[in-house]
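Here is what each chain is made of, one letter per residue.
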There are 4 protein chains.
Amino acid sequence: MIRTDLAIENREIYNKARRLEDKIPGVDVEEEEKNNIKITRVIINAEEGAEALNKPVGKYVTLEIPDNDQLTTEHEHNISLNIGRELKAILDNKPKSILVVGLGNEKITADSLGPNVVDNLDITRHILQFAPEEIDPNTTSVCAISPGVLGTTGIESSEIIKGIVEKVKPDVVIAIDALAARRIERINTTVQISNAGIHPGSGVGNRRKGLTKEELGVPVIAIGIPTVVDATTITNDIVDRLLQDNISEDDKSKLITELTKDNNYVVTPKDIDDVIISLSNIVAEGINTAIFD
Amino acid sequence: MIRTDLAIENREIYNKARRLEDKIPGVDVEEEEKNNIKITRVIINAEEGAEALNKPVGKYVTLEIPDNDQLTTEHEHNISLNIGRELKAILDNKPKSILVVGLGNEKITADSLGPNVVDNLDITRHILQFAPEEIDPNTTSVCAISPGVLGTTGIESSEIIKGIVEKVKPDVVIAIDALAARRIERINTTVQISNAGIHPGSGVGNRRKGLTKEELGVPVIAIGIPTVVDATTITNDIVDRLLQDNISEDDKSKLITELTKDNNYVVTPKDIDDVIISLSNIVAEGINTAIFD
Amino acid sequence: MIRTDLAIENREIYNKARRLEDKIPGVDVEEEEKNNIKITRVIINAEEGAEALNKPVGKYVTLEIPDNDQLTTEHEHNISLNIGRELKAILDNKPKSILVVGLGNEKITADSLGPNVVDNLDITRHILQFAPEEIDPNTTSVCAISPGVLGTTGIESSEIIKGIVEKVKPDVVIAIDALAARRIERINTTVQISNAGIHPGSGVGNRRKGLTKEELGVPVIAIGIPTVVDATTITNDIVDRLLQDNISEDDKSKLITELTKDNNYVVTPKDIDDVIISLSNIVAEGINTAIFD
Amino acid sequence: MIRTDLAIENREIYNKARRLEDKIPGVDVEEEEKNNIKITRVIINAEEGAEALNKPVGKYVTLEIPDNDQLTTEHEHNISLNIGRELKAILDNKPKSILVVGLGNEKITADSLGPNVVDNLDITRHILQFAPEEIDPNTTSVCAISPGVLGTTGIESSEIIKGIVEKVKPDVVIAIDALAARRIERINTTVQISNAGIHPGSGVGNRRKGLTKEELGVPVIAIGIPTVVDATTITNDIVDRLLQDNISEDDKSKLITELTKDNNYVVTPKDIDDVIISLSNIVAEGINTAIFD
């Protein structure tokens, strides 16, 4: 019932449930802080860790940034540089060609992060192809698509992307998505970069199918930022906090359904429209930096 | 701490606190249901009632409509007709000239109801003034403005409107606003029409000053629809529900602040962007109907 | 140098050049007028006709509608019905599954017809696939995509569509595009429906590759509306009109380049933003009618 | 019939008609070029000059900038600095409070320059008023409004602004407007700053009333950028060029009406949507610089 797309939150939940402090078998963790940005690298390197955290094997890098509405242009630039550096590290060998995918519904503000990032990228594939004289031939080929969402296209994003991957044949796919978090303070303040792809049920719009190496045939790097918390999640947390264990799972489930009606409500900052624009610029600049600098 | 702009919710709160069923001194209530729309008319006709409900003397008509995403074109039209009829009744004598004010921030989805309604109105004032040969001279003069919000204009909406009212001299002002409700199920399903104007602290954007007859010199009809519930409100309700009275007001206040961080979060439907467009059309058609049919 | 996407204009040009009245070898023409809509069906049925009109063999149906800013809701509905009927006729056997493609750049008003039409379509494919109990199993499967443009994706629209067609395997593709016309009075008043697909160099955005049966492996129906005239086209016409043949082709070419600077300017109505919204609704309703009624 | 809002173009027309080179009685002209920006200051200092140029007495500073789609971030910043410096010079004594007015229709791309500039300004009036502890008390008070257009509000922009000026009582009004030019190459490449206010018939939307010191009671600085050329203007120029004086005014007028149908068409760059966003940022940064640096 509790939905989170952040490995860092799965780790918190796991540790709390076990009353552990830190070390989870099959999971390595590195932490670092610079310029007000806390970076946590969760590396799940064995099935044991994957099961513990309920996430596939892979690297999950989290950047925790200060609250968005206090950011100066300089702060934003600094966050972009850090995203760029972590993305570069996770891309391993510098790819020659990249397809960037902006997941989500451009017309629903909280779900529009992906399409907005795509709108701010430096695209080079068509220049390399049709005007090679205008560009250094060693430039990485970048192309990008916002495939829309199942409800408005009638087609799974993963089907659209697979069709395009087979034509474009990129070395790697970078997929951007708006995520759901578990805690209000994560909204718009946490950037997760992972080489484990995008998995079913992730994202604000609750995708049905994943975007993974198995599915697409090329590595998939996922960049996600939580933009909402489900109303059910937040209610569940309050109930847990207040009643601790003095309620049966059954009664709790009934109570939460009653309190939140159905699962169609989300908690979101009042100024979400502004914040999405700012975050999209930050992430796009981060990607541009990782690829071209 | 609990914020609601709906007289119907104030009444519920009052009755619940008193363990009363219905009759509040100084308050008359009429209820009616037709075509799936429940209409409640709360008439506060004495100071005693105003104090009880914490609302100024006046009429507050509430239309409760079925959940928005199941509405057919026909349902929408029917709701518009009902809004039109109730608005007409509250306008008393048919005014000769009307200024419609779309309160709120067009760029923040949950706050954009007012400006979107204004975009869909039939405007006649300039035709009567500059092309009188193209229009029946008895047509009501309608003009409209979306004054923006304090944070982006630096000017109180009420100052802007007062300046314009002094130039345009309308018989009545109709002000549209996105409201905050107390209960999730009110979001986008309740339309309140009132002749008591708009009061400080109302609305999603938490206006500082009201739009009232005292302020503007002409009657002010307010049309509002709740589009959010504050995260603090919903948390407060859950806490009340779970702990009943076994918590001091002080501890409760601390707990809620901790659970919701600050007051910058709202609960909103996932598809708020779509819903606002649909509601704006419904309200605009309702106003057009009340004036021109 | 003269650019037009309308078969009806190629015919005018051909006839004028030949000083002919009507009959072109290899070309049949039917004309009809009802409810203020003039319908012309140009059928190119032999290579001879294709060469004469510089258009591939196929059917080209043109609906000429009255100027957009005088349209009532009823007129709009009537135009939709006519588009629906002509589209149905050109679709031959009722297809079981359709992919609708909205060509053009959503962010450039004059080029946004296609994406806007797609936003207003009734999509059924995902319901048939994931919630078959909610829908009549004989419903035509409709899905849709707006692939963006080469300049912002780095990928030819035709490559994207081909990739998707190979996954989705529709019986037919319907592609919507904003066109360039030769004469100002065609802008926003002429709808062309054709079974000859979309050809290189068509459209406001000057596509490089076509969308045709040869390219995609399934029939391609194109629906287009001119939304601009190139500034060079209009200047060319004025020069021709004023100087008739008293100027060499070379001098004319120089003169036009000088008068219009480069080919980056278009002539468009002042209220293009409003008109595109209205036309998108009309075309979407037309397609919905052809498929579902 | 020929419509231009640029003093620099009136001067060209005057000089050409007289076959003069430069000096017009009652008019002083200064020219300067730096960093690829040509600055022309036309000072009309006597009625004689006002009549000659068909513009009121006042200063008209024109910045001619290179074509917009080749601008780097650095170029844009440089243009903003130059706009800022010229605006500062024309503001005379540093005003204590400023009302910025964004004229035009936000929903019509070519007319949306003003509202878009307003969205990017640094607003301080409400902070000085409601949170004085957060701001240096010597900060200039800046507030801003986009009054919409007559066709959608039913109220003249000048009436709305006058009403607001009487409430806010600024020392000066700065009004931003999208203009019509006479020559294609001026579109989006020429910025005019003037202390003569905005006059009837100016702007893309053809305003009916001006915004002037006489009208509002405070000085009005106008900042305008041409975003369109009327189709009639461009046609007139072509006819003049081709036929020179071998056509009567009457015949010419008929010919132009026939060629351009009515006056509802404009010539505009294909990428106008992108360009307006870029220009709005440049002008807003220029104003912010003039006021706060």
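See above for the structure.
Residues numbered from 1 in each chain as written. Chains lettered and ligands numbered in written order. Predicted model: local features only at pLDDT ≥ 70, side-chain atom pairs only at ≥ 80, totals over all residues. Heavy atoms only, no water.

Caption draft 1: Quick look at the overall build of chain A. Counting its regular elements, chain A contains 11 helices and 9 strands. Across its three principal axes, chain A shows a C-alpha extent of roughly 70 × 40 × 40 Å. Within the span of chain A, comprising 293 residues, buried residues form 60% of the whole. Partitioning the intrachain contacts of chain A with sequence separation of at least 6 by distance along the chain shows that 72% fall at a separation of at least 24. Carbon and sulfur atoms make up 47% of the accessible area of chain A, which amounts to about 12000 Å² in all. In chain A, 32 positive and 49 negative side-chain charges are present, and the distance between their average locations comes to 4 Å. (Helix = DSSP H or I, 4+ residues; strand = E, 2+ residues; numbered from the N terminus. Buried < 20%, exposed > 50% of the residue type's maximum accessible area, 1.4 Å probe, protein only. Contact = heavy atoms within 4.5 Å. Areas by Shrake-Rupley, 256 points an atom, 1.4 Å probe, with all protein chains shown as cover. Lys, Arg positive; Asp, Glu negative; His and termini not counted. Charge placed at Lys NZ, Arg CZ, Asp CG, Glu CD.)

Caption draft 2: Representation of the interface of chain C and chain D in the model. Taken together, the 32 residues of chain C in the interface contact 32 residues of chain D. A buried area of about 3000 Å², summed over both sides, lies between chain C and chain D, and 63% of it is on carbon and sulfur atoms. Looking at the side of chain C facing chain D, the largest losses of area belong to Leu242, Tyr265 and Lys270 of chain C, adding up to 24% of the total buried there. Our enumeration of links across chain C and chain D arrives at 0 salt bridges. For the pair chain C and chain D, the number of links is 5 residue pairs in polar contact (both at pLDDT 80 or more). Counting only elements with at least two residues in the side of chain C that touches chain D, the list comes to helix 9 (231-243), helix 10 (249-260), strand 9 (265-269) and helix 11 (272-292) of chain C. (Buried area = accessible area lost by both parts, 1.4 Å probe. Salt bridge = Lys/Arg side-chain N within 4 Å of Asp/Glu carboxyl O. Polar contact = N/O pair within 3.5 Å; in protein donor to acceptor, adjacent residues only side chain to side chain.)

Caption draft 3: Here's a closer look at the environment of Ala196 of chain C. Residue and element names in this part refer to chain C. Within the fold, Ala196 resides in the loop between strand 7 (190-194) and helix 8 (213-216). Overall, the relative accessible area of 13% leaves Ala196 in the buried class. Residues Ala196 and Ile291, 95 residues apart in the sequence, show an inter-C-alpha distance of 19 Å. If sequence neighbours within four positions are ignored, Ala196 has contacts with Val57, Tyr60, Thr212 and Val220.

Caption draft 4: View of the interface of chain D and chain B. Counting residues at the interface gives 28 residues for chain D and 28 residues for chain B. Where chain D touches chain B, the interface holds 8 salt bridges. Between Asp119 of chain D and Lys107 of chain B there is a salt bridge, and its shortest N-O distance comes to 2.3 Å. One can count 12 residue pairs in polar contact (both at pLDDT 80 or more) joining chain D with chain B. Broken down by secondary-structure element, the contributors of at least two residues to the side of chain D that touches chain B are helix 5 (125-130), strand 5 (141-145), helix 6 (150-153) and helix 7 (157-168) of chain D. Residue composition of the side of chain D that touches chain B, grouped by class: 12 nonpolar, 6 polar and 10 charged. (Nonpolar A, V, L, I, M, F, W, Y, C, P; charged D, E, K, R; others polar.)

Caption draft 5: Summary view of unusual backbone geometry. Phi is positive for Asn188 of chain A, close to 65°, though the residue is something other than glycine. The class for Asn188 of chain A is buried, based on a relative accessible area of 3%. Located in the positive-phi region is Asn54 of chain C, a residue other than glycine, with phi close to 55°. Note on placement: Asn54 of chain C falls in the loop between helix 2 (47-53) and strand 3 (58-64).

Caption draft 6: Fine view of the pairing of strand 4 (residues 97-102) of chain B. Residues and elements named next belong to chain B. A large share of strand 4 lies buried, amounting to 6 of its 6 residues. Along strand 4, one buried face is formed by Ser97, Leu99 and Val101 and the opposite face, lined by Ile98, Val100 and Gly102, is buried too. Pairing analysis gives 5 bridges linking strand 4 to strand 5 (residues 141-145), with the strands arranged parallel. Following the sheet pairing, Val100 is matched in strand 5 by Ala144. (Pairing = 2+ DSSP bridges.)

Caption draft 7: Structural context of the relation of the copies chain D and chain B. If you rotate chain D by 180° and push it 0.0 Å along the axis, it lands on chain B with an RMSD of 0.1 Å. A rotation of that kind, with that shift, is consistent with a two-fold axis. Closest to the rotation axis within chain D is the C-alpha of Gly163 of chain D, separated from it by 2.0 Å. (Least-squares fit on C-alpha atoms with pLDDT ≥ 70 in both.)

Caption draft 8: Expanded view of the relation of the copies chain C and chain D. The transformation that overlays chain C on chain D combines an axial shift of 0.0 Å with a rotation of 180°, and the residual RMSD is 0.1 Å. Comparing interface residues between copies, 100% of those in chain C also lie at the interface in chain D; the contact surface is shared.

Caption draft 9: Broad picture of the pattern of salt bridges. Under the definition given, this model contains 64 salt bridges over all chains. Ionic contacts of the salt-bridge type, sharing partners, join the residues Glu9, Glu12, Glu64, Arg183, Glu185 and Arg186 of chain A into one network.

Caption draft 10: Local environment of the environment of Val267 of chain C. As for its position among the elements, Val267 of chain C is in strand 9. Given a relative accessible area of 1%, Val267 of chain C falls into the buried group. Counting along the chain gives 204 residues from Val267 of chain C to Leu63 of chain C, while the straight-line C-alpha distance between them is 22 Å. Residues within four places of Val267 of chain C in sequence aside, it is in contact with Ile184, Ile187, Thr227, Val228, Val229, Ala231 and Ile234 of chain C together with Ala231, Tyr265, Val266 and Val267 of chain D.

Caption draft 11: Representation of empty space enclosed by the protein in the model. One pass over the full model with this rule turns up 1 cavity of 30 Å³ or more. Taken as a whole, the largest cavity encloses approximately 170 Å³ of empty space. Lining the largest cavity are 20 residues, and of these Thr268 and Ile272 of chain C together with Ala110, Thr268 and Ile272 of chain D lie nearest its centre. Elements represented by at least two residues in the lining of the largest cavity include exactly strand 9 and helix 11 of chain C together with strand 9 (265-269) and helix 11 (272-292) of chain D. Partitioned by chemical class, the residues of the lining of the largest cavity number 12 nonpolar, 4 polar and 4 charged. (1 Å grid on protein atoms, 1.4 Å probe; cavity = no way out; pocket = protein on both sides within 12 Å on 5 of 7 lines; lining within 4 Å. Points joined across faces, edges and corners; volume = space filled by probe spheres on them.)

Caption draft 12: Representation of the side chain of Thr140 of chain D in the model. Residue and element names in this part refer to chain D. Mapping Thr140 onto the fold places it in the loop between helix 5 and strand 5. A residue is classified by how much of its surface remains accessible, and Thr140, at 5% relative accessible area, is buried. When residues no more than four places from it in sequence are discounted, the contact partners of Thr140 are Lys94, Pro95, Lys96, Ser97, Ile98, Thr124, Leu128, Ile291 and Phe292.

Caption draft 13: Quick look at the arrangement of the chains. The smallest C-alpha distance separating chain B from chain C is 12 Å, and no contact links them. A minimum C-alpha distance of 12 Å separates chain A and chain D, which share no contact.

Caption draft 14: Fine view of the packing of helix 9 of chain C against helix 10 of chain C. Residues and elements named next belong to chain C. The geometry of helix 9 relative to helix 10 is characterised by a closest axis approach of 10 Å and an angle of 130° between their N-to-C directions. In terms of orientation, helix 9 and helix 10 fall into the oblique class. In the crossing of helix 9 with helix 10, the sense of the turn from one axis to the other is right-handed. Within the contact between the two elements, helix 9 uses Ala231, Thr232, Thr235, Asn236, Val239 and Asp240 and helix 10 uses Lys252, Leu255, Ile256, Leu259 and Thr260. Looking at the contact of helix 9 with helix 10 residue by residue, the classes come out as 5 nonpolar, 4 polar and 2 charged. (Axes fitted to C-alpha atoms, helices over the stretch in contact; angles between N-to-C directions. Parallel < 35°, antiparallel > 145°, perpendicular 65-115°, else oblique. Left-handed = near helix turned anticlockwise from the far one by under 90°.)

Caption draft 15: Representation of the side chain of Thr40 of chain A within the structure. With respect to the secondary-structure elements, Thr40 of chain A resides in strand 2 (residues 37-44). Thr40 of chain A has contacts with Ile8, Arg11, Val29, Glu30, Glu31, Tyr60, Val61, Thr62 and Glu64 of chain A, leaving out every residue within four places of it along the chain.

Caption draft 16: Region of the structure containing the pairing of strand 7 (residues 190-194) of chain B. For strand 7 of chain B, the tally of buried residues reaches 5 of 5 residues, placing the bulk of the element in the interior. The alternating pattern of strand 7 of chain B places Thr190, Gln192 and Ser194 of chain B and Val191 and Ile193 of chain B on opposite faces, both of which are buried.

Caption draft 17: A look at the environment of Ile8 of chain C. All names here are of chain C. Note that Ile8 resides in helix 1 (residues 7-18). Judged by its relative accessible area of 5%, Ile8 is buried. Ile8 sits 184 residues away from Gln192 along the chain, and the two C-alpha atoms are 8.9 Å apart. If we skip the residues at most four places from it in the chain, Ile8 touches Thr40, Thr62, Glu64, Arg186 and Gln192.

Caption draft 18: Spotlight on helix 1 (residues 7-18) of chain B. Residue and element names in this part refer to chain B. With 12 residues, helix 1 should cover 16 Å at 1.5 Å per step; its first-to-last C-alpha distance of 16 Å lies within 8% of that length. If you check which residues of helix 1 are buried, you get Ala7, Ile8, Glu9, Asn10, Arg11, Tyr14 and Asn15. On its buried side, helix 1 packs onto strand 1 (27-34), strand 2 (37-44), helix 2 (47-53), strand 3 (58-64), strand 6 (172-181) and strand 7. Once helix 1 finishes, Arg19 follows within two positions and takes phi at roughly 55°, a positive value. (Expected span 1.5 Å × (residues − 1).)

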